[in-house]
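# Structure at a glance
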Amino acid sequence: MAKLSQILSPEYQHAPLVVYSLDGVELLISLPQHQSTTDSVLAPSDIDIFNQSVYQGGPPPNERYILLIKNAWSYRFENSSIDAGTLFLTVAIVHSLDEREKNYNFLDGESCAEWIIDRMVKSYSPLDAESIEELKLNDLPFSETHLWIYPKKASDLEKIMKNGMHWYRGKTGHPSMGEPQPFFRIPINSRFALEMNIHFGGFNPEYFEFPETIETTKEFLLQEFLEHVRITYPPEILAQVTNTNTL
Amino acid sequence: MSTTLVTTKDAKKFVFFSPLTKGNCGRPIKIKASLLPQFISLVDPKSHDGQTIIRHIQGLRATAGQGGSYQNMNNAFEHMERVKHVQICYKILQVDANSPVGVYITDLRSAYAGDGKKAGLYSVGKVGSNLTIKDTLGLAISGANIVINGSCSSNEHASENALKLTSTSSTVLFYNPSHVVNELGFWSNPTKHANNAQLAASTLAEVLMKNQNRTSSLNWHIEGEGAALLVQALSKVTGELSNQKFRFIDPVGDTTTTINLLKGKKAQLASDVVSYSGKRAAAISLLGQRNKLANTIKSLVSPGHPVHQEREKNVNKLMSDTSVNAAKFSGAMNMANGGQTTFTDMLKQLQGLV
């Protein structure tokens, strides 16, 4: 029924421009209209990332973060009343307080990658207490398939260039849920980073003439969205990012 | 071409869909007046999708039975078309020798598109701002909460809602996918061949029975169309559910019967056993059983019970909040007896209802 070209994308040129000034770094996103009964969030443009009271999230290993954007929009098949699927997006500022002893400098490529991996290991590595309890309750032995999929070393992270900026890209997920979902990180300054998490929902193989193209389709839609995300650094930060984040 | 598919007596239960479909231009289109609750639950006439569906129905004057429709292999008069998230079932026939060949809409069903993922248990949580979802490791649940979702387009959608509903950073979701919601339907009997729904109900019944032996009680949050799946599962449960507590949020379907079934299984019911937030299908579903539901909730515990006063207060508020809408709803349903009313006139009567 549907090929890549037959999926209708949002009209980005008519989408509202969302702007944030984050310690002098400007984030600009063409954000399609929220189309879901899930909650949407749009934090104020002038949010103060140094104000600890606006952060949420639990104690370690959970990250503390400011949720800037939570949004979801649908993709339709051309000439069909059926939605192909939905992209769920969260954009957040991350500032981990519990790793200061490591003196990460997010403007340094290696240090930033190390921080991303350290966070992943802390968040996804062990079986949490609830999972251990579940294994006991269900009389099940531990298996590697119970563990999350996440980047375990810096080389598992991809560095991509989009609109002149270097992003770190990786995937997290659980083997029981099929393909892991993409995430993106980019430094704001030496201590703060911007994270984008993407989840694709829907994309039912039943509605695709060529189900094997679904992952390619998602990647195309993802790249299309990323084209509409722009980061502008102040010159002094840009110089450091450019010096240390060479691809 | 007289036929007994719609008898002359049955034909009186149909009204013209709109002034445009009275047969002055193209085939007349009639719809069973009793489909009003289904229609208003599924179609928001103010929305773009709702207008598309209404225009499509009016267009059946010229297009009924053509390219976009499916024909019943066993009955050449019966057709089905899917528009947006609604399946329209109709017959093209002549009721008597004096009538023109017309289109008779006999049923409306939900046809939500979903992700095709299997019904069952999923662990839902957050790592920072990132949503995490995985299969649970078995049917025994270690956490305190479990959600059965209503109509949702994907597991991700249902998971986000489950976290919101339980106000927690992690919960268990019994995923009720669209293909199960569509099969169960909430206005008519489930189809005999609803294999997906039967499988989902069997799995849910196993979860209910497996978690009866917990040391602490399990809190079930049943949302929207999830109530229909619970009813199916309850018919497969053997034994009591005394260690499990149920709460319904915007339930769709026969909530009164569901509560009575739970009572029969000695299940616990939350103090706010039923709550409504104004969602269209739930609001319409409530109007059809308002008095019966209120009496059932009031009778659950005797005066003096710790939750009696709170429930009494909630039910009284629900009755007072919905009294105007109940009168509107009843007025709209009675309009069909007037003879000249069209379905869109009945819809107008319900304006502002949800």
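Described below are features of the structure shown in this document.

Thresholds, definitions, all that
Residues numbered from 1 in each chain as written. Chains lettered and ligands numbered in written order. Predicted model: local features only at pLDDT ≥ 70, side-chain atom pairs only at ≥ 80, totals over all residues. Heavy atoms only, no water. Helix = DSSP H or I, 4+ residues; strand = E, 2+ residues; numbered from the N terminus. Rg over C-alpha atoms; globule rule 2.2 N^0.38 Å. Contact = heavy atoms within 4.5 Å. Areas by Shrake-Rupley, 256 points an atom, 1.4 Å probe, with all protein chains shown as cover. Phe/Tyr/Trp six-rings, centres within 6.5 Å; stacked < 30°, edge-to-face > 60°. Buried < 20%, exposed > 50% of the residue type's maximum accessible area, 1.4 Å probe, protein only. Lys NZ or Arg CZ within 6 Å of the ring centre and 35° of its normal. Pairing = 2+ DSSP bridges. Axes fitted to C-alpha atoms, helices over the stretch in contact; angles between N-to-C directions. Buried area = accessible area lost by both parts, 1.4 Å probe. Salt bridge = Lys/Arg side-chain N within 4 Å of Asp/Glu carboxyl O. Polar contact = N/O pair within 3.5 Å; in protein donor to acceptor, adjacent residues only side chain to side chain. Nonpolar A, V, L, I, M, F, W, Y, C, P; charged D, E, K, R; others polar. Parallel < 35°, antiparallel > 145°, perpendicular 65-115°, else oblique.

Below, the discussion takes up the overall build of chain B. Each helix and strand counted, chain B has twelve helices and 13 strands in total. For 354 residues, the compact-globule estimate of 2.2 N^0.38 gives 20 Å, and the C-alpha radius of gyration of chain B, at 22 Å, lies within 12% of that figure. Expressed along its principal axes, the backbone C-alpha trace of chain B runs to roughly 70 × 45 × 40 Å. Pairs at least 24 apart in sequence give 69% of the contacts found in chain B among residues at least 6 apart. By element, 50% of the accessible surface of chain B is carried by carbon and sulfur atoms, the whole surface being about 14,900 Å².

Turning our attention to the packing of aromatic side chains. Evaluated as defined, the whole model comprises 15 aromatic pairs over all chains. Relative to Phe184 of chain A, the ring of Trp167 of chain A lies with its centre 6.3 Å away and its plane at 90 degrees, an arrangement referred to as edge-to-face. Taken as a pair, Trp167 of chain A in strand β8 (residues 165-172) and Phe184 of chain A in strand β9 (residues 181-187) lie far apart in primary sequence, 17 residues in all. The same class applies to Trp167 of chain A and to Phe184 of chain A, which are both buried. A ring pair is formed by Phe200 of chain A and Phe203 of chain A, whose centres lie 5.6 Å apart and whose planes are at 90 degrees; its orientation type is edge-to-face. Classification of Phe200 of chain A as buried rests on a relative accessible area of 5%. The ring of Phe16 of chain B has Lys30 of chain B sitting right over it, with the charged end atom 4.7 Å from the ring centre.

What follows concerns the sheet that holds strand β3 (residues 25-30) of chain A. Residues and elements named next belong to chain A. Reading across the sheet, the three strands line up as β2-β3-β11 and stay open at both edges, with antiparallel pairing between neighbours. Each edge of the sheet is formed by a strand with only one pairing partner; in this case those strands are β2 (17-22) and β11 (229-232). Along the sheet, successive strands turn relative to each other by an average axial angle of 15 degrees, direction set aside. In this sheet, β3 lies alongside β2 in antiparallel orientation, the contact comprising six bridges. Bridge assignment links Val18 to a residue of β3, and that residue is Ile29.

Counting from both sides, the interface comprises 43 residues of chain A and, opposite them, 40 residues of chain B. Across the interface of chain A and chain B, roughly 3,400 Å² is buried in total on both sides, 51% from carbon and sulfur atoms. Inspection of the region where chain A meets chain B yields three salt bridges. Note that Glu160 of chain B and Lys70 of chain A form a salt bridge whose closest N and O atoms lie 2.9 Å from each other. Linking chain A with chain B are 17 residue pairs in polar contact (both at pLDDT 80 or more). Of all the elements in the fold, those that place two or more residues in the side of chain A that touches chain B are β5 (65-77), β6 (83-94), α1 (109-124), α2 (129-137) and β10 (193-202) of chain A. Across the side of chain A that touches chain B, the residue classes tally to 14 nonpolar, 20 polar and nine charged.

Turning next to the packing of helix α10 (residues 290-299) of chain B against helix α11 (residues 308-335) of chain B. Residues and elements named next belong to chain B. Where α10 contacts α11, the two axes come as close as 10 Å, and the packing angle between them is 175 degrees. Taken together, the axes of α10 and α11 are roughly antiparallel relative to one another. On the side of α10, the interface is formed by Arg290, Asn291, Ala294, Ile297 and Lys298, while α11 contributes His308, Arg311, Glu312, Val315, Asn316, Met319, Thr322, Ser323 and Ala326. The class makeup of the residues in the contact of α10 with α11 is five nonpolar, five polar and four charged.

The next point concerns the pattern of salt bridges. If you walk through the whole model with that rule in mind, you get 20 salt bridges over all chains. Among the salt bridges present, the one from Arg169 of chain A reaches Glu219 of chain A, with a minimum N-O distance of 2.8 Å. With Arg169 of chain A in strand β8 and Glu219 of chain A in helix α3 (residues 214-226), the pair connects residues that are 50 residues apart, well separated along the chain. Under the relative-accessibility criterion, Glu219 of chain A is labelled partly exposed at 30%. Here Arg247 of chain B makes a salt bridge to Asp272 of chain B, at a shortest N to O gap of 3.3 Å. With Arg247 of chain B in strand β12 (residues 244-249) and Asp272 of chain B in strand β13 (residues 268-275), this pair connects stretches of sequence that are 25 residues apart. For Asp272 of chain B, a relative accessible area of 27% translates into the label partly exposed. Ionic contacts of the salt-bridge type, sharing partners, join the residues Arg76 and Asp83 of chain A together with Asp49 and Lys84 of chain B into one network.

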